[in-house]
Each structure stands twice: as C-alpha cells, then as structure tokens.
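Observations on the model geometry
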Amino acid sequence: MNDIFSNPVLAKALPEAIVETLQMVGISAFFTVLVGLPLGVFLHVTAPGGLRPMPVTNRIMSDVIVNITRSIPFAILMVALIPLARLLTGTSLGPIAASVSLSIGTIPFFARLVETCLRDVHHGKIDAAQVMGSTKMQVINKVMLRESLPALVAATTTTVVTLVGYSAMAGLVGGGGLGKLAYNYGFQRFDVTVMIVTIVLIIVLVQVIQLVGEWIARSLDHR
Amino acid sequence: MITVTDLRKVYRQGKKEVVALDGVTLSVPKGSIHGIIGHSGAGKSTLVRCLTLLDRPTAGSVSIDGTELSSVRDSEIRAARRRIGMVFQHANLMDSRTAAGNVAHPLELVRTPKDKIRTKVAELLSLVGLEGFENAYPSQLSGGQRQRVGIARALAADPDVLLCDEPTSALDPATTDEILDLIQDLTRRLQLTVLIITHEMNVVKRVCDSVSLLSKGRIIEHGALQDVAGDLESKLAKALLPLPASEPLKGALQGGPVLEILFAGDNAKEPVLTSVARHFDIDLNVLAGSVETLGGQQFGHLRVQLAENADHDAVLAYLHQRGIGAKLAATKATDSAAPEVSAAPELNDVTGRNL
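This one's a predicted model, so the numbers in the text were calculated from it and none came from an experiment. (Residues numbered from 1 in each chain as written. Chains lettered and ligands numbered in written order. Predicted model: local features only at pLDDT ≥ 70, side-chain atom pairs only at ≥ 80, totals over all residues.)

**Comments concerning the overall build of chain B**
What chain B contains, in helices and strands, is 13 helices and 14 strands. Out of the 355 residues in chain B, the part that is buried amounts to 42%. (Helix = DSSP H or I, 4+ residues; strand = E, 2+ residues; numbered from the N terminus. Buried ≥ 20, exposed ≤ 12 C-beta atoms within 10 Å, placed from the backbone.)

**What about the overall build of chain A?**
When helices and strands are counted, chain A shows 11 helices and zero strands. Listing every helix and strand of chain A by position from the N terminus yields α-α-α-α-α-α-α-α-α-α-α. Reported as C-alpha extents along the three principal axes, the dimensions of chain A are approximately 70 × 40 × 25 Å. Residue burial in chain A is summarised as follows: out of 223 residues, 40% are buried.

**Looking at the sheet that holds strand S4 (residues 59–64) of chain B**
Residue and element names in this part refer to chain B. Strand order in this open sheet of four strands is S2-S1-S4-S5, and the pairing throughout is antiparallel. Strands with a single pairing partner mark the edges of an open sheet, and in this sheet they are strand S2 (16–28) and strand S5 (67–68). Inspection of the sheet shows S4 paired to S5 by two bridges, in the antiparallel sense. Residue pairing for S5: Ser63 is matched across the bridge by Glu68. (Pairing = 2+ DSSP bridges.)

**Concerning the interface of chain A and chain B**
A common way to state how big an interface is: give the accessible area lost once the parts meet. Each partner contributes to the interface: chain A provides 17 residues, whereas chain B provides 19 residues. Breaking the side of chain A that touches chain B down by element, the ones donating at least two residues are helix H7 (123–131) and helix H8 (136–147) of chain A. Class assignment of the residues belonging to the side of chain A that touches chain B gives a composition of five nonpolar, seven polar and five charged. (Contact = placed C-beta atoms within 7 Å. Nonpolar A, V, L, I, M, F, W, Y, C, P; charged D, E, K, R; others polar.)

**Focus: the nonpolar core**
In this structure, Val103 and Leu195 of chain B are the most contacted members of the largest nonpolar core, which totals 141 residues. Per-element accounting of this core gives the leading share, 13 residues, to helix H6 (residues 94–119) of chain A. Residue contacts for Val103 of chain B: discarding those within four places in its chain leaves Val121, Leu124, Leu125, Val149, Ala152, Arg153 and Ala156 of chain B. Formed by nine residues, the second largest nonpolar core is a distinct cluster that contains Ala17, Ala168, Leu181 and Val194 of chain A. (Core = buried A, V, L, I, M, F, W, Y, C linked by C-beta atoms within 7 Å.)

**Things to note about the sheet that holds strand S12 (residues 284–294) of chain B**
All names here are of chain B. Pairing is antiparallel in the open sheet, where four strands are placed in the order S12-S13-S11-S14. With one partner strand each, in any of the chains shown, S12 and strand S14 (325–330) form the two edges of the open sheet. The mean angle between the axes of side-by-side strands here comes to 15 degrees, regardless of whether they run parallel or antiparallel. The pairing of strand S11 (residues 258–264) with S14 spans five bridges and is antiparallel. Looking at S14, one finds that Val258 is bridged to Ala330. The strands touched by helix H11 (residues 312–321) are S11, strand S13 (297–306) and S14; relative to S14, the strand with the most contacts, the crossing angle is about 160 degrees. (Axes fitted to C-alpha atoms, helices over the stretch in contact; angles between N-to-C directions.)

**Structural notes on helix H3 (residues 55–71) of chain A**
Between its first and last C-alpha, H3 of chain A extends 22 Å over 17 residues, near the 24 Å set by a 1.5 Å rise per residue. Buried residues are scarce in H3 of chain A, accounting for one of its 17 residues. (Expected span 1.5 Å × (residues − 1).)

**Details of unusual backbone geometry**
Residue and element names in this part refer to chain B. Positive phi, close to 55 degrees, is recorded for Asn92, a residue that is not glycine. Structurally, the position occupied by Asn92 is in the loop between strand S6 (84–87) and helix H3 (99–109). Phi is positive for Lys216, which is not a glycine, with a value near 50 degrees.

**As for the packing of helix H10 (residues 272–280) of chain B against H11 of chain B**
The axes of two packed helices give the description: the angle between them and the distance between them. Residues and elements named next belong to chain B. At a minimum axis separation of 11 Å, H10 and H11 run at an interaxial angle of 130 degrees. The angle between the axes of H10 and H11 places the two elements in the oblique class. H11 is crossed by H10, and the crossing has right-handed handedness. On H11, the residues that touch Val276, His279 and Phe280 of H10 are Ala314, Val315 and Tyr318. Of the residues contributing to the contact of H10 with H11, the split by class is five nonpolar, one polar and no charged. (Parallel < 35°, antiparallel > 145°, perpendicular 65-115°, else oblique. Left-handed = near helix turned anticlockwise from the far one by under 90°.)

**Notes on the pairing of S12 of chain B**
Residue and element names in this part refer to chain B. By the bridge criterion, 10 bridges tie S12 to S13 in an arrangement that is antiparallel. If you follow Val291 over to S13, its bridge partner there is Gly300. Between S12 and S13, which follow one another and run antiparallel, lie two residues, and Gly295 among them has a positive phi close to 55 degrees.

**A look at the environment of Gly50 of chain A**
Residues and elements named next belong to chain A. Among the secondary structure elements, Gly50 is positioned in the loop between helix H2 (8–45) and H3. For Gly50 and Arg119, which are 69 residues apart along the polypeptide, the C-alpha to C-alpha distance reads 9.5 Å. Residues contacting Gly50, with those up to four places away along its chain left out, are His44 and Val45.

**With respect to the confidence of the model for chain B**
Residues and elements named next belong to chain B. Per-residue pLDDT for chain B has a mean of 84; in total, 90% of the residues score no lower than 70. Contacts from residues 333–346, a stretch scored under 50 in pLDDT, to residues over four places away or in other chains number 31 contacts. Predicted confidence is poor over residues 348–355, with pLDDT under 50, and the contacts of this stretch with residues over four places away or in other chains come to 20 contacts. Among the prediction metrics, the complex's ipTM stands at 0.85, with pTM recorded as 0.84. (pLDDT = per-residue confidence, 0-100.)

In structure tokens:
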C-alpha cells in the first residue's frame, strides 16, 4: 500500500494519464454518437423494406464502408489513420489526435448496433404511426428512436466500454493516457505497481460506465 | 360513408404476379358497422393496407364521403390517412408513452396546442372508460385496457372511418364482448363508419349490421346481416347459424328424409314444426338446431328428420308457402349432411369446425 503512494511514476504521471484517458473516451464517444447514430438510422431506413428503401446507396454504405472499416483490426486502423489525425488536429500525438482514429474506428461499430436496436422496434408501431399521418421524420423521431431508447443507451454503454479498451491501445501509438502509462512503466520497466494500479483504474472506469449506463437504460424502459 | 370500388392489388413476386385483391367492391353507410370475414390468405391484410394507403392499390378506388383517397398525391397522403382511424389486433401502442401520451400522439403530429391536447385526451380516455389511467404505461394495462387506449388513439384525429383489423382476436371472450360493445356504442354516438376485419364469426354476430365474405381476393357474398342469415343457400348463413356435423340418430326414425329449415324474423315465432306434424299427421325429430338473434331479429336453423313414410316434397312445399326456407338435406338419415361439409369450404376454416 505504501508502495502506491511512494511510487514516483504514479505520483507524477497518474493524474495526467487519467485525464488523458477520460479526454480520449469522452471526445471519441461524443463524435461516435454524433455520426454513428444518424448513420445507423440511415442504414436501417434505407434497407430493403425500410421506411425509405434505397437499395444501391444502402448496399454501398453497408457493405463497403461499414463492413470494410469494421474488418480492419483496430491497431492497424489506428496507425493507418495517423496522417488523417495530423491533418485534422495538426498533430499525431496526444489524446485529441488519438480521438480521431478512435472515433473512426467505433463509428461503424456503433452504427451497426443502432441499426439492430431500430430493427427491434415492432413493425406494428411504425404502421400505427404512419396510419395516424406521421411524416417519415416523425416516424424516426417519435417512434423508432423513442421506442428503442433503452436499447440505444445500452448500445452506447457497450460502445463507450469498447472505447476504454481502444483508448488503452491508442496510448501505445502516442495517444497517452492509462494505456501509455501501463505500457511504458508497467511493461517496459517492469514496474508491477504501476501495472496493477492502471489495470484496477481501467476496471473501475469500465464498471462505473456500465453501471451508469444500465441505470439510465432501466429508468427509461417502460416495457 | 366509405365506398370501395373494384379495388385490385397485384404483387410481383419475381416474375410471377400474385393477385391479392381481385376487384373488391363494397360500401358502408355512415353510422353502421360492416364486417369483412375471411380466412388467412383471403386478402384481408392487403385490403387493410390498401384502405390505409400503406400500399397503393393497382386499380380501383377508395373514397370517404365522396373524397377520393386512393389517387391522392404523396404529399396529401398524410391528410387523407387522418380521415381513417385504425385499431390494430395488438393495439400497437408505444411502450415509451403513457396512455395519455399514446392518445396524444396523433394530435402532436399536427402541432395541436398543448392545452387543447390535454382536454381532448381526457375527453377521449373517459369516452373509452379509462378515466384515472392517464399516467399508466401500456405494460401496466390489461389487454382490454390497451385496446381501449388504441381505440381512443384511433379517434383522436376525429376520423370519419374507423378501421378495425382483428380488434379482438388477441383478447379473451369476456373482454372481446366489452370491446365490441364499446365499438358499437361509439359508432352510434359519434356517427362513425366502421369496418371490422375479422376471422371470428362471433364478432360479426355481435355487432355488425352488414357483412362481406372475402375469399381469394373477391367478395363472394355480402349483404345486411338479416338478409344473408335468412338465405338458406348462403355460406354466411351456415356460419352464422352453424349446425353440428350430424351423427345419424341410432334407433330413432331410421331412414326418414332429413330437412334443413331456416326460420327468419317473424317466422321464428310461429309453431311451424307442430303445425307440420299436425297437418301431415307425421312424426318429426329435431336432429340439430341453432337459434340466434342477429341484427335484432330472431333466426333459427334446424335439421329435422321426418318419419320414414313422409312425403318430403309436400312438406317442403308447405313450408315454402309459408315463406320459410327449407331444403332436403338427405333422403336417408345415414348420409345426412355429408355434402354440406364440403359445400362451404371458405368457412370451414373461418369457424374452425365443419358446418
């Protein structure tokens, strides 16, 4: 126990690493939902038999973009996207630059989850909304998104947890955060204390995200 | 008043064309309830989708009080839909909305002011007997209560036509009766035009003023309930006044001819059987019977066996003379009613038993 407080690495670098991890997860979660949610809605609505079928566009979006992006291992995608990060943020180092590749890596994943959530909304509800004279946007906003909200919150929770894992990986290629700390000191310098502390912190972070997410989803669910 | 004229719907399945509706024509006057009955695959669902414009009919027209619906432009389709309120088999309520929220849904779509929504919702919920359930979520309501919310929601936009797609098929018998009584009551009070699509003959018996039998995309029989029930040859009459498949009565009057007799309206009150027995001085035996009140009139459907030596042609003539429907079902009790079973294949499935 004494070891933890006297460890110079932890005392100096840990607070910064925690902030960097939270920054990476926060920024990329924001952009993932911002882009992934509409993309998921688009994939669902334009699918054959959907609200506004667009077979060709849907095929291209679904097969080419989402599936190809998702089939590239994240570690490789991250390295491949360094030039893009530099273009957008002016640097390839630090949590903000890492958020670019993190977002791009998780957007297709999240979009697929959203698509699945929306597909679970019973078709009768959409028929009912259309018969009462809803526009397509009203069907999407007032029925699809509203009715699947508990599921969407759960999907977001899963995505944020995944982002915590990815952010540790991003630490290795210059993103910083707890991942970098664990790798540089825990792994390369055999500092077991640092390794254990970072692991525990990541576990706590994931637990907190999971609990909060589940609590929100439950309080929204009236089924 | 809703009028459907020569409605056709053809689906393409690969290279094959599937005719789902083959010229459906019907008309329901304001303030009355029309039942459309048919078994699965008869085209009921397609008819519903064409009436609500969820699907465009291939040909033909649907009009409400003279306003054509089926040919409106896409931009006007939503206004046209609001003239039809729809009640679904499983209510199809939004789980994330309370009872009041569900009823308010159609009103929100056209940006009704909040205070106006509140009064209208309270009014509708009390109309369907759900005062005090405003804040209940669908999961906290029973099936019958959910359907009541569904009905209130369907009426929220003040539609002219109420379209009910199997409204009671998911409910138990007691709740079915409650919901049907509510639909009937609302029809009279709000002067609605109601179409009930169903596979249950009981629904037709209980609330419908007129009925159509849909089979293979066509209406093969239709008319006021009293008229179809009074016609011994109609398939609907056999379903409305079902007789059990007859077992020959062992030992009793063996070998005598079997008649089917249908009393309608005032005839049902006369003691016809005893007068036949007295007039011809023969014995009669009732093998099966079914008595119903349909559209406020009494109906009786009997299968009667005459004594072996009886002159069945004379008896039939006697009955016809009195305006009573009657026909020879079999000359011998042993083969009675055998042809009847296959005579109405459209309805064997409907009622779930042989007629």
